[in-house]
Amino acid sequence: MRHFTSVHDIGDLKSALERARFVKENPFADKELGRDKTMLLIFFNSSLRTRLSTQRAAMNLGMNVIVLDVNQGAWKLETERGVVMDGDKSEHILEAIPVMGSYCDIIGVRSFAGLTDKSADYSENILSQFIKYSGKPVVSMEAATGHPLQAFADIITIEEHKKCARPKVVMTWAPHPKALPQAVPNSFAQWSAAAGYDVTVVQPHGYELSPEFTKGCKIEYNQDKALEGADFVYAKNWSVFDDANYGKVICKDMDWTVSEKKMALTNNAFFMHCLPVRRNMIVTDAVIESPQSIVIPEAANRVVSAQTVIKDILKTL
Amino acid sequence: MRHFTSVHDIGDLKSALERARFVKENPFADKELGRDKTMLLIFFNSSLRTRLSTQRAAMNLGMNVIVLDVNQGAWKLETERGVVMDGDKSEHILEAIPVMGSYCDIIGVRSFAGLTDKSADYSENILSQFIKYSGKPVVSMEAATGHPLQAFADIITIEEHKKCARPKVVMTWAPHPKALPQAVPNSFAQWSAAAGYDVTVVQPHGYELSPEFTKGCKIEYNQDKALEGADFVYAKNWSVFDDANYGKVICKDMDWTVSEKKMALTNNAFFMHCLPVRRNMIVTDAVIESPQSIVIPEAANRVVSAQTVIKDILKTL
Amino acid sequence: MRHFTSVHDIGDLKSALERARFVKENPFADKELGRDKTMLLIFFNSSLRTRLSTQRAAMNLGMNVIVLDVNQGAWKLETERGVVMDGDKSEHILEAIPVMGSYCDIIGVRSFAGLTDKSADYSENILSQFIKYSGKPVVSMEAATGHPLQAFADIITIEEHKKCARPKVVMTWAPHPKALPQAVPNSFAQWSAAAGYDVTVVQPHGYELSPEFTKGCKIEYNQDKALEGADFVYAKNWSVFDDANYGKVICKDMDWTVSEKKMALTNNAFFMHCLPVRRNMIVTDAVIESPQSIVIPEAANRVVSAQTVIKDILKTL
């Protein structure tokens, strides 16, 4: 039994990147591995890239795939014990999860942060219960505090494009109209540091991420200074992690938008973003359409990261 | 052509249970049977267990599966002839059903009771039209008055756990905040009597089920008395069958909740429920979490019952 | 790379009909062709026949199929450059489309006309962008101005039923409570003329279709006169194409309903409709239930037309 919820579950990253390269070059080499195995993908939140790329990855491995969209309005799960369930919640998670586990061999779960209860989000209460009660290996398809399949795809993409052994990678906060989770920036900071890059995280004051995830990264507040000499610019919005304003938007300063002027400060950096991206908020049209923008190959590598992870798990079954 | 809508469609139950045992032990033995065959699953109502387990069953048999969610709001079907269709119903069931039949080899249909028009519900108007017009074998995935795939899974589960040849099986009504169909209790009563068990159905006055389904069962009104010496307790809520109050909730007496005190009256009975279950309405946390609770293996057997039925049908194609 | 969006993409129609006949007689002959290939079906609008028949067609060819329902409310795509995306559109089509293309081998797209902006509809702005940006072959599963998979199925059906080399085919407008696109009648007019039939299109004044699509068809305004001697009657409603009333309903004259009296004017014609059909608006119960009604085999041929087109494309990959 192996779960995949963070960088700690991939083992040695160098070796994982080699496995990913093999998968990319030989996408159909392991179809026997998934024969008669079923992947169940459970979405508590909407999804485009993750939905399509994870299905594709499992199919490439010869698996059957079942997709379940949990409309939270239609099927609310009780999570507390002792509650008299006479309201709108028709099933308890303690029944629902083991039942779902009994119908498949591997479970993928997408469940975003609620951004109102920090301790619930950072305890990963949904994902943890799937791990505890499903009886099957669980793959995070973006949980409350991390999106490791995205970060793995990001690192694969950097490896394919980097021009020196230890590139300077700058993850910069950028403005967005709505409050977004910290899952993607948490994971990118953690994985890029684990990959041994020279990583800088830059954000406005008050937007510092959890130190648990940015360990090994330089923390900056001046975007122009941070971008100097960057080989890769990873733009992303996130809401506040700090207790006082957890989950809030406290800045929409459009001077943080990644523009051609900003990119001119870099070492002709590649531009990355996990998508979907708000143009002219996060990044200008000119930058995302430039030859240095690698957002599409980055998204395409989502199949590769998912397939590498699922293949690893299939080998343990 | 064979349909599966009730216990009468499974043939000799002893032999069916043997086929089920083979399927459970050899889930992938019959993949050639479903090769190039397509199972279409049509849901007029929401579903978790049925959706996943029936997909899994068909895939285990090597079939292709297509799932169609019929949002009744979006796609209302006219069922009457002679109507000028100038309203919100954009298609007549007399076209929709044969067309769906033309795209598949077997059709699974889920369509709940409306609980307002008893004669419409008990004539199984939706299911009957699929049988009449689709030109393909039809499998009930819970219809207005029966849920035979659930009952078959229940019997498989009892056979796996029973400690004497003819166990005492007690199906007890239990309180629930909303009006529920009689489909599950109808089928469980019918199938467990057909299995030759010593079956008691116990409910408050006014909640008697259709005698058509409880034939061969003892009918009780005193839950404590009924539970005495029980080997299996099957809890379930249902709404009123009686004409005067059809589809209504006339009792929410919490004394009917299956508690440890109630279970103490039994012969250390196993606890069963079809799920989803309202905890502390139908059953207490302590009972459903006890070692005697077999609700999860019962749900897991939904794959076995569906696969046995679909396999039987595939053999006739 | 080959797209399929109109009659011009099928090549010589006689030869295409021969390929269709082979596909119908040998549905599983080409399963190796689709091995390890993925078909992505994207629905911006609801669908029954197209959804099921295209899935079935791709599966018959051994492909993996991924279905994506784009709820336009939940996932609005920005299509303009230069816009500051601070509103309800969370992704730009310039990212979304190439990403979707990167996860599959062939893309099917359903996107109806909005019926408010004629030039947007007739420029096929959604379909064109998939062709331009996805990097993959695109199959129209009904676009704003055409439904070529339907028309191809219609022609296959006529070939199977015609009793003379050049049958008289009459497409007649018929009343409907809502405004419908011109996609189906546009394509049927175009394909049936291309098939060399003697085609008449009859409609009330003001309902003339685009001459681009009705080239080679006779245009009539008197339904009774048009129906005289018809071998096939193809009923369909559409909204106004004319600039002044584009997308509007300007007539609901029930005298245009195809009745037994109307059919009596024909040469014992077959009755056709693409479905879904409003009974007793478009056609009476008696006519659609008569032995001359071929709407069900016509719908069944949707698998054949889709499979022929997808097979052609697979051969080019």
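The following paragraphs examine the structure supplied in this document. Since the structure is predicted, the reported quantities are computational estimates derived from the model, not experimental observations.

### Details of the relation of the copies chain B and chain C
At step 1: Between the two copies, chain B and chain C, the superposition gives an RMSD of 0.0 Å; the rotation angle is 120 degrees and the shift along the axis is 0.0 Å. Each copy turns onto its partner about a three-fold axis.

### Observations regarding the state of the cysteines
At step 1: Here the structure, examined in full by the defined rule, presents zero disulfides over all chains.
At step 2: Unpaired in this structure, B:Cys251 has its nearest cysteine sulfur neighbour in B:Cys274, at a distance of 19 Å.
At step 3: Classification of B:Cys251 as buried rests on a relative accessible area of 17%.
At step 4: Between C:Cys164, a free cysteine, and C:Cys217, which holds the nearest cysteine sulfur, the sulfur-to-sulfur gap is 17 Å.

### Observations regarding the nonpolar core
At step 1: Formed by 102 residues in total, the largest nonpolar core has its most connected members in A:Met100, A:Phe130, B:Ile10, B:Phe152, B:Trp191, B:Phe271 and B:Ile310.
At step 2: A per-element tally of this core places helix α12 (residues 295-316) of chain B first, with nine residues.
At step 3: Sequence-distant contacts of B:Trp191, defined by excluding residues within four places in its chain, comprise B:Phe4, B:Ser6, B:Val7, B:Ile10, B:Leu13, B:Pro148, B:Ala151, B:Phe152 and B:Ile155.

### Some points on helix α2 (residues 49-60) of chain C
Residue and element names in this part refer to chain C.
At step 1: Between the first and last C-alpha of α2 there are 16 Å, a value that for 12 residues agrees with the 16 Å anticipated at 1.5 Å per step.
At step 2: Buried residues of α2: Arg49, Thr50, Arg51, Leu52, Ser53, Thr54, Gln55, Arg56, Ala57, Ala58, Met59 and Asn60, and no others.
At step 3: Positive backbone phi, approximately 80 degrees, marks Gly62, located one or two places after α2.

### Observations regarding the interface of chain A and chain C
At step 1: Across the boundary between the two partners, chain A contributes 27 residues, which contact 30 residues of chain C.
At step 2: For the chain A and chain C pair, buried surface summed over both sides reaches about 2500 Å², with 58% attributable to carbon and sulfur atoms.
At step 3: The interface formed by chain A and chain C contains five salt bridges.
At step 4: In this structure, the salt-bridge partner of A:Arg279 is C:Glu95, at a minimum N-O distance of 2.8 Å.

### Here's the deal with the sheet that holds strand β8 (residues 198-202) of chain B
Backbone hydrogen bonds hold the strands of a sheet together, and the pairing may be parallel or antiparallel.
Residues and elements named next belong to chain B.
At step 1: Spatially, five strands are ordered β9-β8-β7-β10-β11 in an open sheet, and the strand pairing comes out parallel. Pairing within the sheet leaves two strands with one partner each, and these edge strands are β9 (218-220) and β11 (270-272). Going across the sheet, the axis of each strand differs from the next one's by a mean of 20 degrees, ignoring polarity.
At step 2: Pairing analysis gives five bridges linking strand β7 (residues 168-173) to β8, with the strands arranged parallel. Across the sheet, the residue bridging to Val169 is Val199, located in β8.

### Focus: the interface of chain B and chain C
At step 1: With 30 residues of chain B in contact, the opposing surface of chain C contributes 27 residues.
At step 2: Where chain B abuts chain C, roughly 2500 Å² becomes buried across the two surfaces, and 59% of that area is made up of carbon and sulfur atoms.
At step 3: When residues of chain B are sorted by the area they lose upon contact with chain C, B:Asp36, B:Glu95 and B:Tyr103 head the list and together hold 28% of the total.
At step 4: For the interface between chain B and chain C, the tally reads five salt bridges.
At step 5: Inspection of the chain B/chain C interface yields 14 residue pairs in polar contact (both at pLDDT 80 or more).
At step 6: Counting only elements with at least two residues in the side of chain B that touches chain C, the list comes to β1 (38-43), β2 (64-69), β4 (89-92) and α3 (93-102) of chain B.
At step 7: Among the elements that line the side of chain B that touches chain C, the one with the most residues is α3(B), at six residues.
At step 8: Looking at the side of chain B that touches chain C residue by residue, the classes come out as 14 nonpolar, seven polar and nine charged.

### Here's the deal with unusual backbone geometry
At step 1: With an omega of 0 degrees, the peptide bond running from A:Leu275 to A:Pro276 counts as cis.
At step 2: As for its position among the elements, A:Pro276 is in the loop between β11 (270-272) and α11 (285-288).
At step 3: With a phi close to 50 degrees, B:Glu124 is a non-glycine residue in the positive phi region.
At step 4: One can find B:Glu124 in the loop between α4 (118-122) and α5 (125-133).

### Describing the side chain of A:Gln203
At step 1: As for its position among the elements, A:Gln203 is in the loop between β8 (198-202) and α8 (211-214).
At step 2: Apart from the residues within four sequence positions on either side, A:Gln203 is in contact with A:Trp173, A:Glu208, A:Ile219, A:Glu220, A:Tyr221, A:Trp238 and A:Trp256.

### Looking at helix α1 (residues 13-25) of chain B
At step 1: For α1(B), which comprises 13 residues, the first-to-last C-alpha distance of 18 Å matches the rise-based estimate of 18 Å (1.5 Å per residue) to within 8%.
At step 2: Close packing links the buried residues of α1(B) with α6 (148-161), α7 (183-194) and α12 of chain B.

### What to know about the side chain of B:Gln223
All names here are of chain B.
At step 1: In this structure, Gln223 sits in helix α9 (residues 223-227).
At step 2: Separated by 2.9 Å, the side chains of Gln223 and Thr172 make a polar contact.
At step 3: Aside from chain neighbours lying at most four places away, what touches Gln223 is Thr172, Trp173, Val202, Asp255, Trp256, Val258 and Lys262.

### Points about the pairing of β8(B)
Residues and elements named next belong to chain B.
At step 1: In terms of burial, β8 is largely enclosed, as five of its five residues are buried.
At step 2: Of the two faces of β8, the one lined by Asp198, Thr200 and Val202 and the one lined by Val199 and Val201 are each fully buried.
At step 3: Where the polypeptide runs from β7 across α7 and back to β8, its parallel neighbour, the crossover connection is right-handed.

### Things to note about the sheet that holds β8(A)
All names here are of chain A.
At step 1: The parallel open sheet is built from five strands, whose spatial order is β9-β8-β7-β10-β11. Each end of this open sheet is capped by a strand with a single partner; those strands are β9 (218-220) and β11. Strand-to-strand twist in this sheet, taken as the mean axis angle between neighbours without regard to direction, amounts to 20 degrees.

### As for the packing of aromatic side chains
All names here are of chain C.
At step 1: Per the counting criterion, the structure on display carries 28 aromatic pairs over all chains.
At step 2: What links up through ring pairs into an aromatic cluster is the set Tyr122, Phe213, Phe241 and Tyr246.
At step 3: Here the basic side chain of Lys118 rests over the ring of Phe241, its NZ or CZ set 3.6 Å away from the ring centre.

### A few points about the pattern of salt bridges
At step 1: Per the stated rule, a full pass over the model turns up 60 salt bridges over all chains.
At step 2: In this structure, A:Arg279 and A:Glu289 form a salt bridge, with 2.7 Å as the shortest nitrogen-oxygen distance. Of this pair, A:Arg279 sits in the loop between β11 and α11 while A:Glu289 sits in the loop between α11 and α12 (295-316), and the two are 10 residues apart along the sequence.
At step 3: A residue is classified by how much of its surface remains accessible, and A:Glu289, at 36% relative accessible area, is partly exposed.
At step 4: Among the salt bridges present, the one from C:Asp312 reaches C:Arg19, with a minimum N-O distance of 2.7 Å. Taken as a pair, C:Asp312 in helix α12 (residues 295-316) and C:Arg19 in helix α1 (residues 13-25) lie far apart in primary sequence, 293 residues in all.
At step 5: For C:Asp312, a relative accessible area of 7% translates into the label buried.
At step 6: The exposure class assigned to C:Arg19 is partly exposed, which follows from its relative accessible area of 26%.

Criteria and thresholds
Residues numbered from 1 in each chain as written. Chains lettered and ligands numbered in written order. Predicted model: local features only at pLDDT ≥ 70, side-chain atom pairs only at ≥ 80, totals over all residues. Heavy atoms only, no water. Least-squares fit on C-alpha atoms with pLDDT ≥ 70 in both. Disulfide = S-S within 2.5 Å. Buried < 20%, exposed > 50% of the residue type's maximum accessible area, 1.4 Å probe, protein only. Core = buried A, V, L, I, M, F, W, Y, C linked by side-chain atoms within 4.5 Å. Helix = DSSP H or I, 4+ residues; strand = E, 2+ residues; numbered from the N terminus. Contact = heavy atoms within 4.5 Å. Expected span 1.5 Å × (residues − 1). Buried area = accessible area lost by both parts, 1.4 Å probe. Salt bridge = Lys/Arg side-chain N within 4 Å of Asp/Glu carboxyl O. Pairing = 2+ DSSP bridges. Axes fitted to C-alpha atoms, helices over the stretch in contact; angles between N-to-C directions. Polar contact = N/O pair within 3.5 Å; in protein donor to acceptor, adjacent residues only side chain to side chain. Nonpolar A, V, L, I, M, F, W, Y, C, P; charged D, E, K, R; others polar. Right-handed = clockwise from strand over helix to strand, strands pointing away. Phe/Tyr/Trp six-rings, centres within 6.5 Å; stacked < 30°, edge-to-face > 60°. Lys NZ or Arg CZ within 6 Å of the ring centre and 35° of its normal.

Limitation: the analysis is restricted to geometry and does not speak to function.
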